[in-house]
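Reading the structure
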Amino acid sequence: MDKAELISKLKRIDEDIFFSGVLQEGQRVGVIIVGAGALLLSNLSSKGATKDVDILRAEESVKPFLLRDADFNSQCAAYEACLPYNFEDRIERIDLDTYVLDIYVPSLEDVAVMKLYRWEAPDMADLTAPEFLKKLDWAVLDHLVHSPEEAAASRCALPEQDRELKNLLHNYHAYEEGWRR
């Protein structure tokens, strides 16, 4: 689906929630979208499309509405360990005219950390796209990768024993060498 289709689906879901009465009048709830959907909503997707939408967090009362659409999933709990510890301090609200849903995505730098853990072809394409590199704050990304209070703090294992964290550091070094200007 492209960005217009994703926004259309989010607005339909928002309307369904609003008219269902599951929320109190005036109540708004947040939904955090990660992965390719987050990049798509931020106009930074290298492909301009996504096959699914990863819902990292949503209030329990609205999850059934989101998950009725087969393109939405909440099977991305593993992503949380790949997000810097304080990512919620940097989430960005997507400006959509909605009744009850507030849609959020991680910051560009937090998305970069997530993708650097995996660093496969689609991740490389996203992180090396000129539009992405133009907006990336390398100082913030460097802090998120190297600060003991960020990427390392999200992990369950000790940093010296965490293979995935070591991969992140290795991938970040390669990313920096290849694309930091």
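Model, not experiment: these values are computed from the prediction.

Let us now look at the packing of aromatic side chains. Summed over the entire model, instances satisfying the criterion amount to 8 aromatic pairs. Measuring from centroid to centroid gives 4.4 Å for Phe18 and Tyr99, while their planes differ by 15°, and the two rings are stacked. With a gap of 81 residues between them, Phe18 in helix H1 (residues 3-20) and Tyr99 in the loop between strand S4 (92-94) and strand S5 (101-105) connect regions that are remote in the sequence. The partly exposed category is assigned to Tyr99, whose relative accessible area is 42%. Between the aromatic rings of Tyr175 and Trp179, the centroid separation amounts to 6.0 Å while the plane-to-plane angle is 40°, which identifies the pairing as tilted. On the criterion of helical spacing, the pair formed by Tyr175 and Trp179 is a turn pair, its members being 4 residues apart in helix H8 (residues 163-179). Under the relative-accessibility criterion, Trp179 is labelled partly exposed at 31%. The structure contains a cluster of three or more aromatic residues connected by ring pairs, namely Trp119, Trp138, Tyr172, Tyr175 and Trp179.

Judged by pairing direction, the sheet is mixed, and its 5 strands sit side by side in the order S3-S2-S1-S5-S4 without closing on themselves. Of all the strands in the sheet, just strand S3 (72-73) and S4 have a single pairing partner and so form its edges. Two elements, strand S2 (residues 53-58) and S3, share 2 bridges in a ladder whose sense is parallel. Counterpart to Asp54 in the pairing with S3 is Asn73. Seen against the sheet, H1 touches strand S1 (29-34), S2, S3 and S5 and runs at an angle of roughly 145° to S5.

With that out of the way, let us pick up the environment of Leu165. Note that Leu165 resides in helix H8. The buried category is assigned to Leu165, whose relative accessible area is 5%. Distance in space between the C-alpha atoms of Leu165 and Cys82 is 8.8 Å, their sequence separation being 83 residues. When near neighbours in sequence (up to four residues on either side) are disregarded, Leu165 contacts Tyr117, Ala151, Ala152 and Pro159.

Moving on to the pairing of S1. The buried fraction of S1 amounts to 5 of the 6 residues, a majority that puts the element mostly inside the structure. When S1 meets S2, the two strands line up antiparallel, connected through 4 bridges. Bridge pairing links Ile32 to Arg57 in S2.

Core analysis: the largest hydrophobic core is formed by 26 residues, its most contacted members being Ile33, Leu41 and Ile103. Looking at this core, the elements that each hand over two or more residues are H1, S1, helix H2 (35-41), S2, helix H3 (63-67) and S5. Apart from the residues within four sequence positions on either side, Ile33 is in contact with Leu10, Ala38, Leu41, Val53, Asp54, Ile55, Ile103, Tyr104, Val105 and Pro106.

The subject of this paragraph is the pairing of S5. Of all the 5 residues making up S5, 4 are buried; the element is thus mostly covered by neighbouring parts of the structure. Summarising the sheet, S1 and S5 pair through 4 bridges and their orientation is parallel. Paired with Ile32 across the strands is Tyr104, a residue of S5. Sheet analysis places S4 next to S5, joined by 3 bridges and oriented antiparallel. Within the sheet, the bridge partner assigned to Glu92 lies in S5 and is Val105. Hairpin connection between S4 and S5: a loop of 6 residues separates the two successive antiparallel strands.

Reading the values: the criteria
Residues numbered from 1 in each chain as written. Predicted model: local features only at pLDDT ≥ 70, side-chain atom pairs only at ≥ 80, totals over all residues. Heavy atoms only, no water. Phe/Tyr/Trp six-rings, centres within 6.5 Å; stacked < 30°, edge-to-face > 60°. Helix = DSSP H or I, 4+ residues; strand = E, 2+ residues; numbered from the N terminus. Buried < 20%, exposed > 50% of the residue type's maximum accessible area, 1.4 Å probe, protein only. Pairing = 2+ DSSP bridges. Contact = heavy atoms within 4.5 Å. Axes fitted to C-alpha atoms, helices over the stretch in contact; angles between N-to-C directions. Core = buried A, V, L, I, M, F, W, Y, C linked by side-chain atoms within 4.5 Å.

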